[in-house]
Amino acid sequence: MEERIWRAAGCSYLRPFPARTGISARGKSRRLERALSDFGAEHSFRRSCQRLQEHYGFELNATAVRDTTLRQAARAAAHLEAHYAPSFRVLSGTGPAYVVAEIDGTMICTLPAGRKRKESRPREWKEMRLSAARAQGGVETCYSAGFHTVEEAGRRWGHCTRDAGWSLGSHIHVVADGAEWIRLQSQEVFGDQAGLLMDFYHVSEYLAAAAESCRPASPRTWLRTQQQRLRRGATAKLLEALQDFVEPATVSDEEAPVRAALRYLSKRLPYLNYPQALARELPIGSGLIESAHKHLLHARLKQAGSAWLPDNANAMAQLRVIRANRQWEHFWQTHKAA
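As the structure is a computational prediction, the values presented were derived from the model and not from experiment.

A. Up close: the packing of helix α2 (residues 30-42) against helix α3 (residues 45-56). At their nearest, the axes of α2 and α3 sit 9 Å apart, and the two run at 130 degrees to each other. In terms of their interaxial angle, α2 and α3 are classed as oblique. Crossing of α2 over α3 shows right-handed handedness. For the pair formed by α2 and α3, the contact residues are Arg31, Leu32, Ala35, Leu36, Phe39 and Gly40 on the first element and Phe45, Ser48, Arg51, Leu52, His55 and Tyr56 on the second. Among the residues forming the contact of α2 with α3, the class breakdown is seven nonpolar, three polar and two charged.

B. Representation of the packing of aromatic side chains in the model. Counting across every chain of the model gives nine aromatic pairs. A ring pair is formed by Trp328 and Trp332, whose centres lie 5.7 Å apart and whose planes are at 70 degrees; its orientation type is edge-to-face. Highlighted residues: Trp328 and Trp332, both in helix α14 (residues 328-333), separated by four residues, approximately one helical turn. Classification of Trp328 as buried rests on a relative accessible area of 13%. Overall, Trp332 belongs to the buried group, its relative accessible area being 1%. Through a chain of ring-to-ring contacts, the aromatic side chains of Phe88, Trp157, Trp166 and Phe190 assemble into a single cluster. In this structure, Lys126 packs its charged tip against the face of Phe147, placed 5.0 Å from the ring centre. Lying over the aromatic face of Phe45, Arg300 brings its terminal NZ or CZ to 4.9 Å of the ring centre.

C. Local environment of the environment of Gly154. Note on placement: Gly154 falls in helix α5 (residues 150-163). Residue Gly154 is classed as buried on the basis of its relative accessible area of 0%. Gly154 sits 87 residues away from Ala241 along the chain, and the two C-alpha atoms are 37 Å apart. Contact partners of Gly154, with chain neighbours within four places excluded, come to Gln185 and Val189.

D. Quick peek at helix α7 (residues 200-214). A rise of 1.5 Å per residue sets the reference length of α7, with its 15 residues, at 21 Å; its end C-alpha atoms lie 20 Å apart and thus fit the reference within 8%. When α7 is considered as a whole, its buried residues turn out to be Phe200, Val203, Ser204, Leu207, Ala210, Ala211 and Cys214. Lining the buried residues of α7 we find β7 (194-198), α8 (219-232), α9 (235-243), α10 (257-266) and α11 (274-279). For α7, the capping residue at the N-terminal end is Asp199, with a side-chain oxygen 3.3 Å from the backbone nitrogen of Tyr201.

E. Region of interest: the pairing of strand β6 (residues 171-176). Burial analysis of β6 places five of its six residues in the buried class, the great majority of the element. Sheet topology note: the strand β3 (residues 98-110)/β6 ladder contains four bridges and is parallel. Each residue of the ladder has a partner; that of Val100, found in β6, is His173. In this sheet, β7 lies alongside β6 in parallel orientation, the contact comprising five bridges. Looking at β7, one finds that Val174 is bridged to Leu196.

F. Highlighting the packing of helix α4 (residues 62-83) against helix α13 (residues 310-324). At a minimum axis distance of 7 Å, the contact between α4 and α13 shows a crossing angle of 70 degrees. Comparing their axes, α13 and α4 come out roughly perpendicular. Taken together, the residues of α13 that come into contact with α4 (itself represented by Arg66, Thr69, Leu70, Gln72, Ala73, Ala74, Ala76, Ala77, His79 and Leu80) are Asn312, Ala315, Met316, Gln318, Leu319, Val321 and Ile322. Among the residues making up the contact of α4 with α13, the classes are represented as 11 nonpolar, five polar and one charged.

G. The arrangement of the pairing of strand β4 (residues 124-135) in detail. Where β3 and β4 come together, 12 bridges link them in antiparallel fashion. Residue pairing across strands places Ile103 opposite Ser131, the latter belonging to β4. Note: β4 against strand β5 (residues 142-146), five bridges, orientation antiparallel. Following the sheet pairing, Ala133 is matched in β5 by Cys142. In sequence, β4 turns back onto β5 through a hairpin of six residues, with Gly137 there showing a positive phi of about 85 degrees.

H. Representation of unusual backbone geometry in the model. The phi dihedral of Glu281 falls on the positive side, at around 60 degrees, and the residue is not glycine. Position of Glu281 relative to the elements: it lies in the loop between α11 and α12 (287-301). On the accessibility criterion, Glu281 (69% relative accessible area) is exposed. The backbone of Arg326 shows a phi angle near 65 degrees, a positive value even though the residue is not glycine.

I. Region of the structure containing the sheet that holds β4. The five strands are arranged β5-β4-β3-β6-β7 in an open sheet whose pairing can be described as mixed. Of all the strands in the sheet, the pair left with one neighbour each is β5 and β7. In this sheet, adjacent strand axes meet at a mean angle of 25 degrees when their direction is disregarded. Here α13 sits on the sheet and contacts β3, β4 and β5; the angle it forms with β5, its principal contact strand, is near 175 degrees.

What counts, and where the lines are drawn
- Residues numbered from 1 in each chain as written.
- Predicted model: local features only at pLDDT ≥ 70, side-chain atom pairs only at ≥ 80, totals over all residues.
- Heavy atoms only, no water.
- Axes fitted to C-alpha atoms, helices over the stretch in contact; angles between N-to-C directions.
- Helix = DSSP H or I, 4+ residues; strand = E, 2+ residues; numbered from the N terminus.
- Parallel < 35°, antiparallel > 145°, perpendicular 65-115°, else oblique.
- Left-handed = near helix turned anticlockwise from the far one by under 90°.
- Contact = heavy atoms within 4.5 Å.
- Nonpolar A, V, L, I, M, F, W, Y, C, P; charged D, E, K, R; others polar.
- Phe/Tyr/Trp six-rings, centres within 6.5 Å; stacked < 30°, edge-to-face > 60°.
- Buried < 20%, exposed > 50% of the residue type's maximum accessible area, 1.4 Å probe, protein only.
- Lys NZ or Arg CZ within 6 Å of the ring centre and 35° of its normal.
- Expected span 1.5 Å × (residues − 1).
- Polar contact = N/O pair within 3.5 Å; in protein donor to acceptor, adjacent residues only side chain to side chain.
- Pairing = 2+ DSSP bridges.

Put into structure tokens, the structure is as follows:
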């Protein structure tokens, strides 16, 4: 489009067309910013340019897509910060009987800010904590994520659990891998309403490693037997089976899988109540959070060869959380076009 620019005595130039139409150079409508952010949150910025060409028939460079996406990601972070500002302990009187709540961390490749040079900037892996909650029998999951402290991650865990339906009468079913910070946050956030269960797959990994020493001839059969004992609640028999094959003290921990399994289980006996969870039709594995890692964080933040500035990675996680939490429409209703 050609534009005529006028000069006047009081100013160097006049641009009547932008003033009358509200269109500015390099400006973008809300519809375009929404499309760019949608593509940029899902694909690499270069791939997003191709998606824009395919669906809308015109081109923008990757820098324009990047700037728009990260600007909206920063707005998403502020949007969620306001959402998490009130206390999560104000609960409804009615809600589902059980809410499944899980939390875990994943490592994201980051690099420090600065101009690109011939020497590559040092890369650092930082832990991003992700939480997920879903009412028993429900299909919609609520999430929170970010480079947060343990305390802040726990607070946001409480918010997403409340968004999933946590009420005064609900029991919070927490499945975890045994990390101490998760157990402490479960107690701090949910109190007596929560019950902690060790992830069955994680426990099975310890038993699988020990199976080679306990029954070298048929380790898979031995493992299945111990898994059946866990499901029945026969934990004492499982510990006895391990005790008979514990390595001598002279063997290092790295070469003592039976000792490691026995130590792991002995310290977590109160959290191995699989019969109760199965009777209540509650999950005994952490599939909820493991799948969330893949589709919510890894799909965009852990693409091959990618590294992020920490602030950009955190903001992008918030943008993807808004999409996953079905807040996308409300997020754009509050947007003012650039």
